[in-house]
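# Topology and contacts: notes
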Amino acid sequence: MRKPLVVALCALALAGAGATPAVAAAPSPTGADTTTGTAPATSLTDVVGDTVGAVADTLSGLTAPKSAAVNFAGTVSLSNCSGSVVRMPDSAASAPALVLTNGHCLESGFPAPGQVLTDRASSRTFRLLNASGAKVATLRADRLVYATMTDTDAAIYRLNTTYAQIKSAYGIDPLTLSGSRPAAGTAISVVSGYWKRIYSCSVDGFAYRLKEGDWTWKDSVRYTSACDTIGGTSGSPVVDDATGKVVAVNNTGNEDGGRCTVNNPCEVDQNGGVTVRQGINYAQQTYPLTACFTTGNRLDLSASGCTVPKP
């Protein structure tokens, strides 16, 4: 699962912080953002995140492959992952804005297999980026609307501000979730707000089942090898280059050639056959989510066509 491991130590050193954090030996969620109110957050988590972002800006300017059409506008950086401000195909400008990331990026830790979280209080913050990848605002959630790592790996937060307010204040539009399944061969961009880096490749195909440790995901998008995503890119929107719409959310890759273990997912076909593709990365399709939201971006898991896992 694509989460950062040791960047906090570097960031704290650059920021001049006195405390020395423990360095994680394996992916693990970081703590929740704890500041309150509507002003930009000033917690140590946010200071560290902003410093990491500045370092990432410099590194990405030197090394990142860029897409000519797709940019960073509307993407966000979390304390431990990437994400994006998104709208459903029918979302109104007056609706409370939504942020999409991975279920495994939750500040509370990984949801257990079979677990679905809905309508939980949250005050998590997100650093909103403009087209060039510069931070323009700190956005804040008031609810975790939906999250799971069963069948898919997705989390959706509701912000305490509307799309119209974000547009008026910062000139940033949300990304739109496509209501259709992507096709093999589609040119895509994986846009990481955490690293301010865009990976460009194509949809290589789909994994009937993708198994990683105790979790199993259905109909996962497999990238061609050019999208060599790294820790911190978890939750990045996967954008169809032709339409500009989000078709998936980046979540994992096989790092070491391991078989169905954490950080080494394997593909399982309809007959139970297992395929391991070392160095290949994956995303979870997002079109199923679009049938589950109604007027005002309200989650309705009983809506017609809503097939995502339910509590």
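Procedures and definitions
Residues numbered from 1 in each chain as written. Predicted model: local features only at pLDDT ≥ 70, side-chain atom pairs only at ≥ 80, totals over all residues. Heavy atoms only, no water. Core = buried A, V, L, I, M, F, W, Y, C linked by side-chain atoms within 4.5 Å. Buried < 20%, exposed > 50% of the residue type's maximum accessible area, 1.4 Å probe, protein only. Helix = DSSP H or I, 4+ residues; strand = E, 2+ residues; numbered from the N terminus. Contact = heavy atoms within 4.5 Å. Polar contact = N/O pair within 3.5 Å; in protein donor to acceptor, adjacent residues only side chain to side chain. pLDDT = per-residue confidence, 0-100. Phe/Tyr/Trp six-rings, centres within 6.5 Å; stacked < 30°, edge-to-face > 60°. Pairing = 2+ DSSP bridges. Salt bridge = Lys/Arg side-chain N within 4 Å of Asp/Glu carboxyl O.

Moving on, we get to the nonpolar core. By size, the foremost hydrophobic cluster in this structure holds 49 residues, and its most contacted members are Val 85, Leu 100, Phe 126, Leu 128, Ile 156, Tyr 157 and Leu 159. Counting residues per element, the ones that place at least two in this core are strand 2 (82-87), strand 3 (96-101), strand 4 (116-121), strand 5 (125-129), strand 6 (135-148), strand 7 (154-162), helix 3 (163-170) and strand 13 (246-253). In terms of residues, this core owes the most to one element, strand 6, which gives seven residues. Excluding its chain neighbours within four sequence positions, the residues that come into contact with Leu 100 are Gly 83, Ser 84, Val 86, Ala 154, Ala 155, Ile 156, Leu 177, Gly 235, Val 246, Val 249, Thr 286 and Leu 289. Counting 12 residues, the second largest nonpolar core, distinct from the first, contains Val 190, Val 203, Tyr 223 and Cys 227.

To continue, consider the environment of Thr 148. Residue position: Thr 148 is located in strand 6. On the basis of relative accessibility, which here comes to 0%, the residue Thr 148 falls in the buried class. Residues Thr 148 and Gln 115 lie 33 residues apart in sequence; the distance between their C-alpha atoms is 6.2 Å. Those residues within four positions of Thr 148 in sequence are excluded, and the remaining contacts are Gly 103, Pro 111, Gln 115, Val 116, Asp 153 and Ala 154. Among the polar contacts listed, one links the side chain of Thr 148 to the backbone nitrogen of Thr 150, at a separation of 3.1 Å.

Once that is clear, we can look at the confidence of the model for the protein. The predicted model of the protein has a mean per-residue pLDDT of 85, with 79% of residues at 70 or higher. Ranking the helices and strands of the protein by mean pLDDT puts strand 3 first, with 99, and helix 1 (residues 7-15) last, with 39. Note that residues 5-48 has pLDDT below 50 and, in this model, 63 contacts with residues that lie over four places away or in other chains. Here residues 56-67 is modelled with pLDDT under 50, and outside its nearest four sequence neighbours on either side it reaches 23 contacts, counting other chains as well.

The next point concerns the packing of aromatic side chains. If you walk through the whole model with that rule in mind, you get three aromatic pairs. When the ring of Phe 110 is compared with that of Trp 215, the centres are 5.6 Å apart and the planes differ by 75 degrees; the resulting orientation is edge-to-face. Residue Phe 110 is found in the loop between strand 3 and strand 4, and its partner Trp 215 is found in strand 11 (residues 215-223); the two are separated by 105 residues along the sequence. Arranged with centres 5.2 Å apart and planes meeting at 75 degrees, the rings of Tyr 194 and Trp 195 form a pair that is edge-to-face.

On to the pairing of strand 10 (residues 197-212), then. Of the pairings in the sheet, the one linking strand 9 (residues 187-192) to strand 10 comprises six bridges and is antiparallel in character. Bridge pairing in strand 10 links Val 190 to Tyr 199. Pairing geometry for strand 10 and strand 11, over eight bridges, is antiparallel. What sits directly across from Glu 212, in strand 11, is Trp 215. A loop of two residues connects strand 10 with strand 11, the two strands running antiparallel in sequence, and Gly 213 in this loop sits at a positive phi of about 60 degrees. In the sheet, strand 10 pairs with strand 14 (residues 266-268) via three bridges, with the strands oriented antiparallel.

Quick look at the pattern of salt bridges now. Taken as a whole and assessed by the stated rule, the structure comprises 10 salt bridges. We note a salt bridge from Arg 2 to Glu 255, for which the minimum N-O separation is 2.7 Å. Taken as a pair, Arg 2 in the segment before helix 1 and Glu 255 in the loop between strand 13 and strand 14 lie far apart in primary sequence, 253 residues in all. Between Asp 173 and Lys 167 there is a salt bridge, and its shortest N-O distance comes to 3.2 Å.

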